[in-house]
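Listed below, chain by chain, are the residues.
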Amino acid sequence: MKRILEFLSPLLHADAGADRVVPPSGFTVRLTVFTSAAMAFLTVFALALSLASGRLGQSWGDELARSSTIRISAPAGQMAAQTEAALKVLTQTPGVASARALSDEEQQALLEPWFGPGLPIDQLPVPQLIDISETAEGYDSDGLRLRLQAEAPGAVLDEHARWRKPLVAAAGRLKLLGWVSILLITATTGAMVTLAANASLAANAQVIEVLRLVGATDGYIASAFVRRYTLRVLVGAAVGTVAGFVAILLMPGGSDAGGFLTGLRFQGWHWLWPAVVPPLAAMVAFAATQAAARRVLGELA
Amino acid sequence: MIELDNVAYSYGGDALLNDISFSLAPGSFHFLTGPSGSGKTTFLKLCYGALLPTEGDVRIFDHSAKDMGRDAVAYARRRIGVVHQDCKFLDHLPLNENIALPLSVSGQATPDQFANLQELMSWVGLVGRGEALPPELSGGERQRAALARALIMSPDVILADEPTGNVDWEMSQRLLRLLVELNKMGKTVMIATHDMALIRAAKALVSARVLRISNNTLQSAGVDL
């Protein structure tokens, strides 16, 4: 605990004198603040992307995990009979919780995004769809296919798994990519602060020499740089986070029609996540400057 | 207070100081002389822990310099006022803040101490110059400001490295009188200088010992002024 407090002392004990011993450097200040703001803005977007991907993957998994479809393509005269036969087979199949044929209206609604409203579905050779809900145990798909082949030759069983799995995997990868991006942004912020702090320490070698001559400890000298960079990054990250938050807020809300692209907004308590970004950036800046200061002061000893 | 025991110091393989033993007694006044490059500045840096000996031991206030961490050296420096020939300041801070810097870094910047600052500035003749920035000061003002900064913590020891190197004769006399006055107040003073005229001038003011660095070793000049 003592070590932690000692480590954090440059932040906990504000010393106006220590803050003033390092000469002001306007251009570097602006660059550090700008870079921190940009990094925080990107972090908010990466966070939104990652959370949205997670939600999407979960949604696809939940919705499609226990459902499948039978598509019946048959001449118009045989469509009703084959549908009837397929439904009969399904009611006798262990592992099928329920099965029902979609109405014309439901099929029309499914096709509407592609063909537009008012599609005369009864005049088109559209296959009949049967929606199947599975029990927790599931059914034997190979056995069901064989029976369907015998009873309703125009029926094709689609388990959804074929296209569901890669989609869920893609959503998982996208989520991972979002978190990796956040890690990279965090590391880049640390690298940027380290470079800026190193440059500042090197440029202020004479200041350090004077401070040492008058009895300043390494902790005192480091605190002058650490506080300065931590506060700069905190301010920059706060500005960037607010900008990112507003940008996410302005994104259209999620809808079935929009799908993934309109679902980037945070949902529920996830709106609190961006609040973590400025303190996280400040912590990274604090650790990076502290390490840089200790290293440079050791080299200058 | 400060003891050097068989100290040697080499730089880049060349011996600069060799087999030096010396003890700085409380209340003493020493001159350290020798030609340019003889190692006077190195000797002083060893005394205040800015350099570590390559052989032997330096004891600063009863602590071996080799065993002192950087923080311990920093604390020791608060008891040692150092004045350099090229007095360096923080150029972006006004003079009064520069002089008060030792108070700030030691966390002793109290209002009482700042009252002492005004008294000290008056004593070194810098009244009215507190708001000036260091680059605006003359050579003499910088030397007196460096002396004031060295004294603000009321140190036990004052080490001055060519304190009169950049000032005229009148100003060097004034600085000498200030250092003698400090010695009479009980401070231990050591001045490194190659200015023999300054040492002769001190004869009338103080009882001082003269040490000479010659052939890498410390010799007593054998003259009590």
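Computed from a predicted structure; not experimentally measured.

A. How the structure looks around the overall build of chain A. The helix and strand tally for chain A stands at 10 helices and four strands. Moving toward the C terminus, one meets the helices and strands of chain A in the order α-α-α-β-α-β-α-β-α-β-α-α-α-α. For chain A, with 301 residues in total, the buried portion stands at 41%. Sequence-distant contacts, at least 24 apart, represent 82% of the contacts inside chain A between residues at least 6 apart. When the accessible surface of chain A is summed, it comes to about 16,100 Å², and 65% of that surface belongs to carbon and sulfur atoms.

B. Spotlight on the interface of chain B and chain A. At the interface, 21 residues of chain B touch 23 residues of chain A. At the boundary of chain B with chain A, total buried surface from both sides reaches about 1,800 Å², with 60% on carbon and sulfur atoms. On the chain B side of the contact with chain A, B:Arg70, B:Lys88 and B:Val105 bury the most area, a combined 31% of that side's loss. Counting across the chain B and chain A interface gives three salt bridges. A salt bridge links B:Lys88 to A:Glu209; the nearest nitrogen and oxygen atoms lie 3.1 Å apart. Along the contact surface separating chain B from chain A lie eight residue pairs in polar contact (both at pLDDT 80 or more). Every element with two or more residues in the side of chain B that touches chain A is listed here: helix 2 (70–77) and helix 4 (101–105) of chain B. In terms of residues, the side of chain B that touches chain A owes the most to one element, helix 2 of chain B, which gives five residues. Among the residues making up the side of chain B that touches chain A, the classes are represented as 11 nonpolar, three polar and seven charged.

C. A look at the packing of helix 9 (residues 218–250) of chain A against helix 10 (residues 277–300) of chain A. Residue and element names in this part refer to chain A. The interhelical angle for the contact between helix 9 and helix 10, taken along N-to-C directions, is 155°, at an axis separation of 8 Å. One element, helix 9, and the other, helix 10, form an angle in the roughly antiparallel class. The chirality of how helix 9 crosses helix 10 is right-handed. Class assignment for the residues of the contact of helix 9 with helix 10 results in 18 nonpolar, five polar and two charged.

D. Fine view of the packing of aromatic side chains. One pass over the full model with this rule turns up seven aromatic pairs over all chains. When the centroid spacing of 5.4 Å and the interplanar angle of 55° are considered together, the rings of B:Phe29 and B:Phe31 count as tilted. The pair B:Phe29 / B:Phe31 is uniform in exposure class, with both members buried. If you follow A:Arg232 out to its NZ or CZ, it ends over the ring of A:Tyr229, 4.7 Å from the centre. The lysine or arginine in question, B:Arg79, covers the ring of B:Phe61, its NZ or CZ lying 3.8 Å from the ring centre.

E. Quick look at the sheet that holds strand 2 (residues 14–24) of chain B. All names here are of chain B. Here we have four strands laid out as an open sheet, ordered 2-1-4-5, and antiparallel in their pairing. Only two strands of the sheet have a single neighbouring strand rather than two, namely strand 2 and strand 5 (63–64). Where strand 4 (residues 55–60) meets strand 5, two bridges bridge the pair, whose relative direction is antiparallel. Counted as the bridge partner of Ile60 is His63 from strand 5.

F. Quick look at the packing of helix 4 (residues 76–91) of chain A against helix 6 (residues 141–151) of chain A. Residues and elements named next belong to chain A. Direction vectors running N to C along helix 4 and helix 6 enclose 150°, while the axes themselves pass 9 Å from each other. Like other packed secondary-structure pairs, helix 4 and helix 6 cross with a definite hand, here right-handed. Along its contact with helix 4, which presents Ala85, Ala86, Val89 and Leu90, the element helix 6 presents Leu144, Arg147, Leu148 and Glu151. By residue class, the composition of the contact of helix 4 with helix 6 is six nonpolar, no polar and two charged.

G. How the structure looks around the environment of B:Glu136. Residues and elements named next belong to chain B. Summarising the element assignment, Glu136 is placed in the loop between helix 5 (111–123) and helix 6 (139–151). By relative accessible area, Glu136 is classed as partly exposed at 49%. Beyond its immediate stretch of four places on either side in the chain, Glu136 contacts Arg129 and Glu141.

H. Focus on the domain arrangement of chain B. All names here are of chain B. Domain boundaries assigned for chain B yield domain 1 (1–79 + 156–225) and domain 2 (90–154). The centre of domain 1, based on its C-alpha atoms, is set 23 Å off from the matching centre of domain 2. Contact residues are listed per partner, giving 15 residues for domain 1 and 13 residues for domain 2. Summing both partners gives a buried area of about 1,200 Å² for domain 1 against domain 2, and 65% of it is carried by carbon and sulfur. The largest share of the area that domain 1 buries against domain 2 comes from Arg78, Arg174 and Leu178, three residues that together contribute 39% of it. Split into classes, the residues belonging to the side of domain 1 that touches domain 2 amount to eight nonpolar, one polar and six charged.

I. Just the sheet that holds strand 3 (residues 128–134) of chain A, in detail. Residues and elements named next belong to chain A. The four strands lie next to each other as 2-3-1-4, forming an open sheet whose pairing is antiparallel. At either end of the open sheet lies a strand with only one pairing partner, and these are strand 2 (96–101) and strand 4 (155–158). Direction aside, the axes of adjacent strands within the sheet are offset by 20° on average. Here strand 1 (residues 67–72) runs beside strand 3; their pairing, made up of six bridges, is antiparallel. Its bridge partner lying in strand 3, Thr69 is registered against Asp131. This element, helix 4, spans strand 1, strand 2, strand 3 and strand 4 of the sheet and lies at about 5° to strand 3.

J. Here's a closer look at the side chain of B:Thr188. Residue and element names in this part refer to chain B. Assignment of secondary structure puts Thr188 in strand 8 (residues 188–192). By relative accessible area, which is 0% here, Thr188 ends up buried. Only 2.8 Å separates the side chain of Thr188 from the backbone nitrogen of Gly27, close enough to count as a polar contact.

K. Seen up close, the pattern of salt bridges. On inspection of all chains with the given rule, the structure shows 10 salt bridges over all chains. A salt bridge links A:Asp218 to A:Arg212, with the nearest nitrogen and oxygen atoms 3.0 Å apart. We note that A:Asp218, like A:Arg212, is buried. When the shortest N-O distance is used, the salt bridge between B:Glu141 and B:Arg129 registers 3.0 Å. Taken together, the residues span a long stretch of sequence, with B:Glu141 in helix 6 and B:Arg129 in the loop between helix 5 and helix 6 at a distance of 12 residues.

Scoring rules and cut-offs
- Residues numbered from 1 in each chain as written.
- Chains lettered and ligands numbered in written order.
- Predicted model: local features only at pLDDT ≥ 70, side-chain atom pairs only at ≥ 80, totals over all residues.
- Heavy atoms only, no water.
- Helix = DSSP H or I, 4+ residues; strand = E, 2+ residues; numbered from the N terminus.
- Buried < 20%, exposed > 50% of the residue type's maximum accessible area, 1.4 Å probe, protein only.
- Contact = heavy atoms within 4.5 Å.
- Areas by Shrake-Rupley, 256 points an atom, 1.4 Å probe, with all protein chains shown as cover.
- Buried area = accessible area lost by both parts, 1.4 Å probe.
- Salt bridge = Lys/Arg side-chain N within 4 Å of Asp/Glu carboxyl O.
- Polar contact = N/O pair within 3.5 Å; in protein donor to acceptor, adjacent residues only side chain to side chain.
- Nonpolar A, V, L, I, M, F, W, Y, C, P; charged D, E, K, R; others polar.
- Axes fitted to C-alpha atoms, helices over the stretch in contact; angles between N-to-C directions.
- Parallel < 35°, antiparallel > 145°, perpendicular 65-115°, else oblique.
- Left-handed = near helix turned anticlockwise from the far one by under 90°.
- Phe/Tyr/Trp six-rings, centres within 6.5 Å; stacked < 30°, edge-to-face > 60°.
- Lys NZ or Arg CZ within 6 Å of the ring centre and 35° of its normal.
- Pairing = 2+ DSSP bridges.
- Domains from an automatic or database assignment.

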